Amino acid sequence: HCVTGVQTCALPISEEHADTFRVEVEEPAPAAPVAALLLRAQPEVHGAMLNARVAPVQALEIRSEAAEDLRDLTLEVTSEPPLVLPSSLSIRSLAPGESLELGPRRVASFLRYDHAVLRSISEAAEGTLRARLVDASGAELATAVETWRVHPSDSWSGLGTLPEILAAFVLPNDDAVQTILARA
């Protein structure tokens, strides 16, 4: 056949020889993990926690699962809503099998929180906290995501999370307190 100067050929392929024309494509084996990242955070976050300096992000752990040293790493932490200001921590190197554990004090040394986010919301909202470990080229080596419930500054998340923080919501100079005291 000839169509506009291009020759095409349509030959029937018999069922007998159909396997001859099948091409098997192998999927590449998944790459071995280079690092693991664990993230622990409070499930409920509100302004009283921040005012009392109770860290919503409690711990981060980075574990090298690479066969050789990992060098020039950056740990990046963000959240949505943006309660956690975009923060990063430089890590010079991790040897194979080595773990770097960041407890509450170490996490608090590089994470900053935006109190205005809690003042700007009027109802509790679901949020996410994301930590990423990247190398010098920006390639992601590990990621961890936690969900949490973010509460407005003037709301309490209940007894399920830090019941001792209830005292932070007491307003001794509030008019309602004066009314109750007048009746007493």
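Refer to the preceding data block for the structure.
Rules of the game
- Residues numbered from 1 in each chain as written.
- Predicted model: local features only at pLDDT ≥ 70, side-chain atom pairs only at ≥ 80, totals over all residues.
- Heavy atoms only, no water.
- Helix = DSSP H or I, 4+ residues; strand = E, 2+ residues; numbered from the N terminus.
- Buried < 20%, exposed > 50% of the residue type's maximum accessible area, 1.4 Å probe, protein only.
- Contact = heavy atoms within 4.5 Å.
- Areas by Shrake-Rupley, 256 points an atom, 1.4 Å probe, with all protein chains shown as cover.
- Pairing = 2+ DSSP bridges.
- Salt bridge = Lys/Arg side-chain N within 4 Å of Asp/Glu carboxyl O.
- Axes fitted to C-alpha atoms, helices over the stretch in contact; angles between N-to-C directions.
- Core = buried A, V, L, I, M, F, W, Y, C linked by side-chain atoms within 4.5 Å.

J.: Any chance you could break down the overall build of the protein chain for me, citing the residues and the numbers?
T.: In terms of helices and strands, the protein chain carries 4 helices and 10 strands. Counting from the amino terminus, helix and strand elements in the protein chain follow one another as β-β-β-β-α-β-β-β-β-α-α-β-β-α. Taking all 184 residues of the protein chain together, 32% fall into the buried category. Across the protein chain, the fraction of contacts at a sequence separation of at least 24, relative to all contacts at a separation of at least 6, is 66%. Counting every atom, the protein chain has about 12,300 Å² of accessible surface; 53% of that belongs to carbon and sulfur.

J.: Explain the sheet that holds strand E7 (residues 87–94) to me, using residue names and the numbers behind them.
T.: Strand pairs in the sheet, formed through backbone hydrogen bonds, run parallel or antiparallel to each other. A sheet is described by the order of its strands in space; here 5 strands give the open sequence E4-E10-E9-E6-E7, paired in mixed fashion. Across the chains shown, the open sheet's two edge strands, defined by having one partner strand only, are strand E4 (44–45) and E7. When strand E6 (residues 70–80) meets strand E9 (residues 125–134), the two strands line up antiparallel, connected through 7 bridges. Residue Thr78 lies in a different strand from E9, and its bridge partner there is Arg130.

J.: An account of unusual backbone geometry is needed here, citing residue identities and associated values.
T.: In this chain, Glu80 is followed by Pro81 through a cis amide linkage whose omega measures -5°. Along the chain, Pro81 turns up in the loop between E6 and E7. Not every positive phi belongs to a glycine, and Asp72 is a case in point at roughly 55°. Take Asp72: it is sitting in strand E6.

J.: Before we move on, could you go through the pattern of salt bridges and cite the residues and values that matter?
T.: Applying the stated rule across the entire model yields 5 salt bridges. Put simply, Arg63 and Glu65 hold a salt bridge, and the shortest N to O gap is 3.1 Å. In this structure, the salt-bridge partner of Asp69 is Arg71, at a minimum N-O distance of 3.1 Å. A relative accessible area of 36% means that Asp69 is categorised as partly exposed. Taken together, the shared-partner salt bridges connect Glu76, Arg132 and Glu140 into one network.

J.: Got a sec to walk through the sheet that holds strand E3 (residues 35–41)? Specific residues and values, please.
T.: Here 3 strands make up an open sheet; going across it, the order is E3-E5-E8 and the pairing antiparallel. The two strands at the open ends of the sheet, each matched to only one other strand, are E3 and strand E8 (99–102). Each strand axis lies, on average, 10° off the axis of its neighbour in the sheet, ignoring direction. Relative to strand E5 (residues 57–64), E3 runs antiparallel, the two sharing 7 bridges. Paired with Arg40 across the two strands is Ala59, which belongs to E5.

J.: How would you sum up the nonpolar core? Please name residues and give values.
T.: The biggest cluster of nonpolar side chains holds 34 residues, and the ones touching the most others in it are Leu60, Leu75, Val77, Leu133 and Trp148. Counting only elements with at least two residues in this core, the list comes to E3, E5, E6, E7, helix H2 (104–110), helix H3 (115–120), E9 and strand E10 (140–150). Ranked by residues supplied to this core, first place goes to E10 with 5 residues. If sequence neighbours within four positions are ignored, Val77 has contacts with Leu60, Val84, Leu85, Pro86, Ser87, Phe110, Leu111, Leu129, Arg130 and Ala131.

Scope: geometric values only; no functional claims are made or implied.
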